[in-house]
Structures are given as C-alpha cells and as structure tokens.
Amino acid sequence: TVDYKYEDLPLSQAQFDIYKIATVNGNGEIKPISPFSYYALDFSKTDNETMHSLALTMASYIARDGIKPYDSAVTDADGKAAFPNNRTGITRGLYLVIGNPVSIDGYTYFAETAIIQIPALDNENNIWDYDVYCGGEWERKRYVVFAGTDYFDWCAFDTLCGVPFGVYEGTL
C-alpha cells in the first residue's frame, strides 16, 4: 500500500507504477529478472544510498526503453493506492515503485522513487510481512509558467507548441 500525503493533505489521483525487478530467495539473494537482467545493475550492496541510486538508474531505463509496469494504481481520496490492483497477486521479490507527479491547488507534488522488498522482514516479530506499507517524505513545489517572455530566472527551458517557455520555481 502506498500512502501519499503531504503533511496532513492526502494526495489523490496520483498514479503509482510498480515494476518487478528481481527475485529474492530464502537466503536473501537477489537475482534481477528480464528486462532488468539485461542492464549492468549491481545488487551486491543493499544500503539505502546504493538502493536509491539503483532506483533512479532503473527509472531512467524504464523511461528510455518504454518498459511497462508490473501493476499500476491511482491514489484515492485518502491518498492511498493498494496493490495488487490489475493482477491477482504480488509475488516475492524486489519492486521499483514510481509515483507520477500530481498537481493540486497550484502545487506539484513529487514522490520519491523507491525499491521495496516483498515480503519485508518484520525484525520486531521475526516474521515475513507481505502487507508492505510505503510512505515517506514527498516534495512539494509551486511552478509558474511564463510563455513568450525573456525572463531568465527559470529552473527549466523548453519549447511548448513552438513558443519558448520556462518554469519558475517559487511564488510571485
């Protein structure tokens, strides 16, 4: 289950995609599965920094290569999205969770891309837990788009329908 909130504000209508990236055996050995087994990914270190870096790397491969998600769900009015959604079950393994940005009341919210293991080890009770909860810190930014101007204090430059535009981060 994904719990997508900013402070106490539930973030509804945000799509989350999960990708099964590897199997995990009873000894905790990780083996990437297709198509992720074709990339040079090193799962020998499982510290938070390494796993975060791997998550971002795989997200870029997914975007570049058009890899389809294992399952998808959209957050409800309470900011929750439950898996499985389009499948009959979630099997043991490592999953990449990618949340798409959602805009509410002039703010855009960004979810952190993460890798989760199912089942997760409940260290307190020393049991495997298949009901994995994914929550965390989410980033909020207000973006204002200026079309057809030469204002240069933007954090991004691009072209929209042939008209130069930029995005300014902050408030006016």
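Above this text is the structure in question.
Residues numbered from 1 in each chain as written. Predicted model: local features only at pLDDT ≥ 70, side-chain atom pairs only at ≥ 80, totals over all residues. Heavy atoms only, no water.

Caption draft 1: View of the pattern of salt bridges. Counting across every chain of the model gives three salt bridges. The salt bridge partner of lysine 80 is aspartate 3, with a shortest N-O separation of 3.4 Å. Here the residue lysine 80 occupies a position in strand β7 (residues 80-81), and aspartate 3 occupies one in strand β1 (residues 2-3), the gap between them amounting to 77 residues. For aspartate 3, a relative accessible area of 10% gives the class buried. For arginine 64, the salt bridge identified is with aspartate 65, shortest N-O distance 2.8 Å. According to the relative accessible area criterion, arginine 64 is exposed, its value standing at 57%. Classification of aspartate 65 as partly exposed rests on a relative accessible area of 36%. Taken together, the shared-partner salt bridges connect Asp3, Lys5 and Lys80 into one network. (Salt bridge = Lys/Arg side-chain N within 4 Å of Asp/Glu carboxyl O. Helix = DSSP H or I, 4+ residues; strand = E, 2+ residues; numbered from the N terminus. Buried < 20%, exposed > 50% of the residue type's maximum accessible area, 1.4 Å probe, protein only.)

Caption draft 2: Up close: unusual backbone geometry. Residues serine 34 and proline 35 are joined by a peptide bond in cis, for which omega reads 0 degrees. As for its placement among the helices and strands, proline 35 is situated in the loop between β5 (30-32) and α1 (48-65). The omega torsion of the bond from phenylalanine 83 to proline 84 falls at 5 degrees, within 30 degrees of zero and hence cis. Note on placement: proline 84 falls in the loop between β7 and β8 (93-99). In this structure, glutamate 7 takes a positive phi of about 55 degrees despite not being glycine. For glutamate 7, a relative accessible area of 65% translates into the label exposed. Even without being a glycine, glutamine 13 presents a positive backbone phi close to 65 degrees. Inspection of the secondary structure assignment puts glutamine 13 in the loop between β3 (9-10) and β4 (15-24). Classification of glutamine 13 as exposed rests on a relative accessible area of 60%.

Caption draft 3: Just the packing of aromatic side chains, in detail. Taken as a whole and assessed by the stated rule, the structure comprises five aromatic pairs. When the ring of tyrosine 6 is compared with that of tyrosine 109, the centres are 5.5 Å apart and the planes differ by 55 degrees; the resulting orientation is tilted. Pair noted here: tyrosine 6 is in strand β2 (residues 5-6) and tyrosine 109 is in strand β10 (residues 107-110), with a separation of 103 residues, a long-range link. Summarising the aromatic geometry, the rings of tyrosine 70 and tyrosine 95 are spaced 5.6 Å apart at their centres and angled 65 degrees between planes, so their arrangement reads as edge-to-face. With a gap of 25 residues between them, tyrosine 70 in the loop between α1 and β6 (71-74) and tyrosine 95 in strand β8 connect regions that are remote in the sequence. Neither tyrosine 70 nor tyrosine 95 differs from the other in exposure class; each is buried. Through a chain of ring-to-ring contacts, three or more aromatic side chains come together here, namely Phe36, Tyr39 and Tyr61. (Phe/Tyr/Trp six-rings, centres within 6.5 Å; stacked < 30°, edge-to-face > 60°.)

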